[in-house]
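What the coordinates show
Below are the chains, spelled out letter by letter.
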Amino acid sequence: MRGVPYIFRDMNLEITPKKSEGTERLLAVSVPVEDVKAAEEQAAHRYATKVRLPGFRPGKVPAAMVRKRFADAIRQEAIESIVQSAFKQVVDDQKLRVVGQPHIDHLQFDDGKPLTFELHLEVHPELKLERTTGFRVARTPRVVNEDSVREQIDQLRDQRAAWSPVTDKPMPGDMVTVNLATADESGAMSDGKEYRVVLGEGQAIAAIEEVIMETSPGETTERKVKWPDDFPDESQRGKTKLVRAAVVDVKRKSLPALDASFAREAGDYDSVDALSAAVRTDLERMAQRETDAEVRQRIIDEIISANPFDVPQAWVQQVVQGYAEAYQIPEAEREKFAGEFRSVAERQVRRDLVIETIAEREALKATEADIDTRVAEVAEKNNSDPGKVYTSLQKAGRLTELERSITEDKVFGWLLEKNEVQ
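So, a few notes on the structure that sits alongside this text. Numbering of residues starts from 1 in every chain and runs along the sequence as written. Reporting of local features is limited, given that this is a predicted model, to residues whose pLDDT is at least 70; pairs of side-chain atoms are given and counted only at 80 or more, and all residues count toward the totals for whole chains, interfaces and linings. For the side-chain quantities, the full set of heavy atoms in the structure was used; hydrogens and water were omitted.

**Some thoughts on the packing of helix H10 (residues 368–381) against helix H11 (residues 386–395)**
Closest axis-to-axis distance for the H10/H11 pair is 8 Å, and the angle between their directions is 110°. Put simply, H10 runs roughly perpendicular to H11. Note on element contacts: H11 touches H10 through Pro 386, Val 389, Tyr 390 and Leu 393, opposite Ile 371, Asp 372, Val 375, Ala 376, Val 378 and Ala 379. Each residue gets one of three labels, nonpolar for Ala, Val, Leu, Ile, Met, Phe, Trp, Tyr, Cys and Pro, charged for Asp, Glu, Lys and Arg, and polar for the others, Gly among them. Of the residues contributing to the contact of H10 with H11, the split by class is 9 nonpolar, no polar and 1 charged. Structural elements are reduced to axes, namely lines fitted to C-alpha atoms, with helices fitted over the stretch in contact, and the angle between N-to-C directions of any two is expressed from 0 to 180 degrees. Only DSSP runs of H or I covering at least 4 residues are called helices, and only runs of E covering at least 2 are called strands; the numbering of each starts at the N terminus. Each angle gets one of four labels, with under 35 degrees taken as roughly parallel, over 145 as roughly antiparallel, 65 to 115 as roughly perpendicular, and the rest as oblique. Any two residues whose heavy atoms approach within 4.5 Å at even a single point are treated as in contact.

Written out as structure tokens, the structure reads:
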């Protein structure tokens, strides 16, 4: 029987602001008795025209019977209609730009009395940004040297390393297959579970790694181990347990030789020098992007500091949830993650609002021509047809992302002209 609630327009609402700080609004709303009765009449009429009861044709059930039989449902539908209508009227009358999901609290609905409730919502902040120019920010160059090039090449070698079985005791860097079992408080040893860990990378408690490194393949070692005081599971912190480590096998990493053969495998380069030059170029480009991003953020931070404003917590929560899903944070750990990540999320929301405000005020939003130009650049870089690239981006839902990127570039181009970067 449930349908779209009837919308009542121009109700004589009594609205009392209770909180108007920053982006928060708390309004006490009172709906006149006559509007409450009209909502109940409308809900009852809807039921009377659609309800089916034995012995009556559709739409011919007596109104009194309908009201008695479906009193609770009629009352609920009336409440929903009133609240929805009142919310729309409040938003329209006060020209509120609502963000997030509003909340209804302390709803009271008594026969013959006005319906009252509190409407708690957040609104889009109004940024004046009275000062966006005249700031001076420092650029911190990132130096790419021989050590950083060598480190990157070592990572490439590590990715192509071969793992070979060894028969001696494992050492840091070795990959170990080990069956670990622990004793409970009564001293009974568990069945154990097999793990594969690379020693020295923090994949196991350091004290347990020490036990493993004392054990050759095919052997077993037992020793008491104290769990660290900062162990993630608080209930296990500082406890001492008997641990049994049975090493199944040990494999040792062997890096490929740094020669022309490796250079060709890593990227079809003729020599190690050619590979090193390409790696240096990539690192320098990355360093430039990171430096530029840092300069951009410093300018944004200066603007925010000079123009304080509140942000809707609903948006902050959305960002937190997005990152929690991207990082695949377990549900049980999300509350802790939210507490630790909230300041980062709030900073991102502030950044986005500043960019959005400047883009609107200075007419810097990406145009269709801007998007077409960027698509053509991407197509040329990938030796592809612009039409195909556009269609691909459209199907992947990435045109909005491209538009936002262009807008950001235009905004920061404008800001870099108006502010000094040392």
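We are not done yet, so read on.
**A look at the nonpolar core**
Residues grouped as a nonpolar core are buried Ala, Val, Leu, Ile, Met, Phe, Trp, Tyr and Cys residues, joined through side-chain atoms within 4.5 Å. Each residue is placed in one exposure class: buried if its accessible area under a 1.4 Å probe, protein chains only, is under 20% of its type's maximum, exposed if it is over 50%, and partly exposed if it falls in between. By size, the foremost hydrophobic cluster in this structure holds 31 residues, and its most contacted members are Ile 303, Phe 309, Val 320, Val 354, Ile 358, Val 411 and Leu 415. Listed by contribution, the elements that provide at least two residues to this core are helix H7 (272–306), helix H8 (313–326), helix H9 (334–361) and helix H12 (399–418). Of the residues forming this core, the biggest block, 10 residues, is contributed by H9. In this view, Leu 415 contacts Thr 132, Ile 299, Ile 303 and Ile 358; residues no more than four positions away in its chain are not counted. Among the nonpolar cores identified, the runner-up in size contains 26 residues, and Leu 13, Ala 78, Ile 79 and Leu 119 belong to it.

**Quick word on the packing of aromatic side chains**
Two aromatic rings, drawn from Phe, Tyr or Trp (for Trp, its six-membered ring), form a pair once their centres lie within 6.5 Å of each other, and the interplanar angle then sorts them: stacked below 30 degrees, edge-to-face above 60, tilted otherwise. Here the structure, examined in full by the defined rule, presents 4 aromatic pairs. Ring plane angle 50° and centroid distance 4.8 Å describe the contact between Tyr 323 and Phe 341, whose orientation is recorded as tilted. Of the two residues, Tyr 323 sits in helix H8 while Phe 341 sits in helix H9, which places them 18 residues apart along the sequence. In this structure Phe 341 comes out as buried when scored by relative accessible area, which is 13%. Taken together through their ring pairs, the aromatic side chains of Tyr 323, Tyr 327, Phe 337 and Phe 341 make up a single cluster. Cation placement over rings: the criterion is NZ of Lys or CZ of Arg within 6 Å of the ring centroid and within 35° of the ring normal. The ring of Phe 109 has Arg 75 lying over it, and the distance from NZ or CZ to the ring centre is 4.3 Å. Over the face of the ring belonging to Trp 227 we find Lys 241, whose NZ or CZ atom lies 4.6 Å from the ring centre.

**Quick look at the pattern of salt bridges**
Counted as salt bridges are all cases of a side-chain nitrogen of Lys or Arg within 4 Å of a carboxyl oxygen of Asp or Glu. Tallying each qualifying case throughout the model produces 30 salt bridges. For the salt bridge of Arg 374 with Glu 377, the shortest nitrogen-to-oxygen distance reads 3.8 Å. Here Glu 377 and Arg 374 lie together in helix H10, a separation of 3 residues that amounts to about one turn. On the basis of relative accessibility, which here comes to 23%, the residue Arg 374 falls in the partly exposed class. Accessibility expressed as a relative area gives 45% for Glu 377, which makes it partly exposed. If you follow the salt bridges from partner to partner, you end up with Arg 142, Glu 290, Glu 294 and Arg 298 in one network.

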